[in-house]
Amino acid sequence: MTADIRIRPVQEGDWDAIVALEARAYADHGLSEGREALRSRHAASPGTCYVLEHAGGVGGYLLALPYPLFRSPDLSLGERRAATRPSERFSNLHAHDLVIAEELRGRGLAPRLMRHLHDTARTAGYRTVSLVAVLGAQAVWARLGYRARPEIGLPESYGPGAVYMAMSLRPATAPALTAVPTLATELG
């Protein structure tokens, strides 16, 4: 049952739990970013970063930020600037990191977090959501509608086997504008 779990924005007091979850998920694989890099992703877009609140604590998190389509943040570097200025707004929202606590896995919480992110992104006017699948997670993301783009180069910090993936947020039944290239063209 997931009724006792709610999605809410990241708060200052959440960082110890977020850092601990991230380290447990990625440190053994050499993919852990550390506190400052994680905080920099949040600072770039606080309105698209969430935690799963469970039993008075953090049971998972999702950090997402605006990022150019077909590019991804380097795990070895933090974000260099705060929230994107309107003149620099990207049409893509990058789901940078999602971790669910071990004891809560298998309850559909990752898809629930991603649906929440997709709804937020649509409301905010984003046209696509991207991510980098690591540790063999491509099949998980494909079930949620993400398409692998193995031709997109990734920073070495993601390690071998990482795959860039993206999906369009535009409803499949919406008419395409003929004067503007469509996302279907961009996503190929």
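If you're wondering where the values come from, they're calculated on a predicted model, not measured in any experiment.

*Asks:* Looking at this structure, how should I read the overall build of the protein chain?
*Replies:* Helix and strand content of the protein chain: 5 helices and 7 strands. Mapped in sequence order, the helices and strands of the protein chain form the string β-α-α-β-β-β-α-β-α-β-β-α. Taking all 188 residues of the protein chain together, the buried fraction comes to 45%. Considering only residue pairs separated by 6 or more positions, the protein chain has 70% of its internal contacts joining residues 24 or more positions apart. Of the roughly 9,500 Å² of accessible surface on the protein chain, a fraction of 54% belongs to carbon and sulfur atoms.

*Asks:* Explain the pattern of salt bridges here, please?
*Replies:* Proximity of charged atoms lets side chains of opposite charge pair with each other. Taken as a whole, this structure holds 10 salt bridges when the rule is applied. Note that Arg8 and Asp14 form a salt bridge whose closest N and O atoms lie 2.8 Å from each other. Residue Asp14 is classed as buried on the basis of its relative accessible area of 5%. A salt bridge links Arg122 to Asp119, with the nearest nitrogen and oxygen atoms 3.6 Å apart. Here Arg122 pairs with Asp119, and both are found in helix H3 (residues 109–124), just 3 residues apart, close to one helical turn. Of the residues examined, Arg122 reaches a relative accessible area of 41% and is grouped as partly exposed.

*Asks:* It is not clear to me how the pairing of strand E4 (residues 92–100) should be interpreted in this structure. Could you clarify?
*Replies:* The side chains of a regular strand alternate between the sheet's two faces. Among the 9 residues in E4, 9 count as buried, and that is most of the element. Pairing between strand E3 (residues 57–66) and E4: 7 bridges, direction antiparallel. If you follow Gly60 over to E4, its bridge partner there is Ile100. Judged from the 3 bridges that link them, E4 and strand E5 (residues 128–133) form a sheet pairing that is parallel. Looking across to E5, one finds that Asn92 is bridged to Thr128. Chirality of the crossover, the property in question, places the unit of E4, H3 and E5 among those that are right-handed.

*Asks:* How should the packing of helix H1 (residues 15–26) against helix H2 (residues 35–44) be read in this particular structure?
*Replies:* The interhelical angle for the contact between H1 and H2, taken along N-to-C directions, is 115 degrees, at an axis separation of 10 Å. Of the two elements, H1 crosses H2, and the hand of that crossing is right-handed. Note on element contacts: H2 touches H1 through Arg35, Leu38, Arg39 and His42, opposite Trp15, Asp16, Ile18, Val19 and Glu22. Split by residue class, the contact of H1 with H2 holds 4 nonpolar, 1 polar and 4 charged.

*Asks:* How should the side chain of His118 be read in this particular structure?
*Replies:* Structurally, His118 can be placed in helix H3. Once residues within four sequence positions are removed from consideration, His118 is found in contact with Val129, Tyr146, Met167 and Leu169.

*Asks:* Looking at this structure, I do not really get the environment of Phe70. What am I missing?
*Replies:* Residue placement: Phe70 occurs in the loop between E3 and E4. Residue class for Phe70 comes out partly exposed when judged on its relative accessible area of 23%. Note: C-alpha distance between Phe70 and Ala166 (96 residues apart in sequence) is 8.2 Å.

Criteria and thresholds
Residues numbered from 1 in each chain as written. Predicted model: local features only at pLDDT ≥ 70, side-chain atom pairs only at ≥ 80, totals over all residues. Heavy atoms only, no water. Helix = DSSP H or I, 4+ residues; strand = E, 2+ residues; numbered from the N terminus. Buried < 20%, exposed > 50% of the residue type's maximum accessible area, 1.4 Å probe, protein only. Contact = heavy atoms within 4.5 Å. Areas by Shrake-Rupley, 256 points an atom, 1.4 Å probe, with all protein chains shown as cover. Salt bridge = Lys/Arg side-chain N within 4 Å of Asp/Glu carboxyl O. Pairing = 2+ DSSP bridges. Right-handed = clockwise from strand over helix to strand, strands pointing away. Axes fitted to C-alpha atoms, helices over the stretch in contact; angles between N-to-C directions. Left-handed = near helix turned anticlockwise from the far one by under 90°. Nonpolar A, V, L, I, M, F, W, Y, C, P; charged D, E, K, R; others polar.

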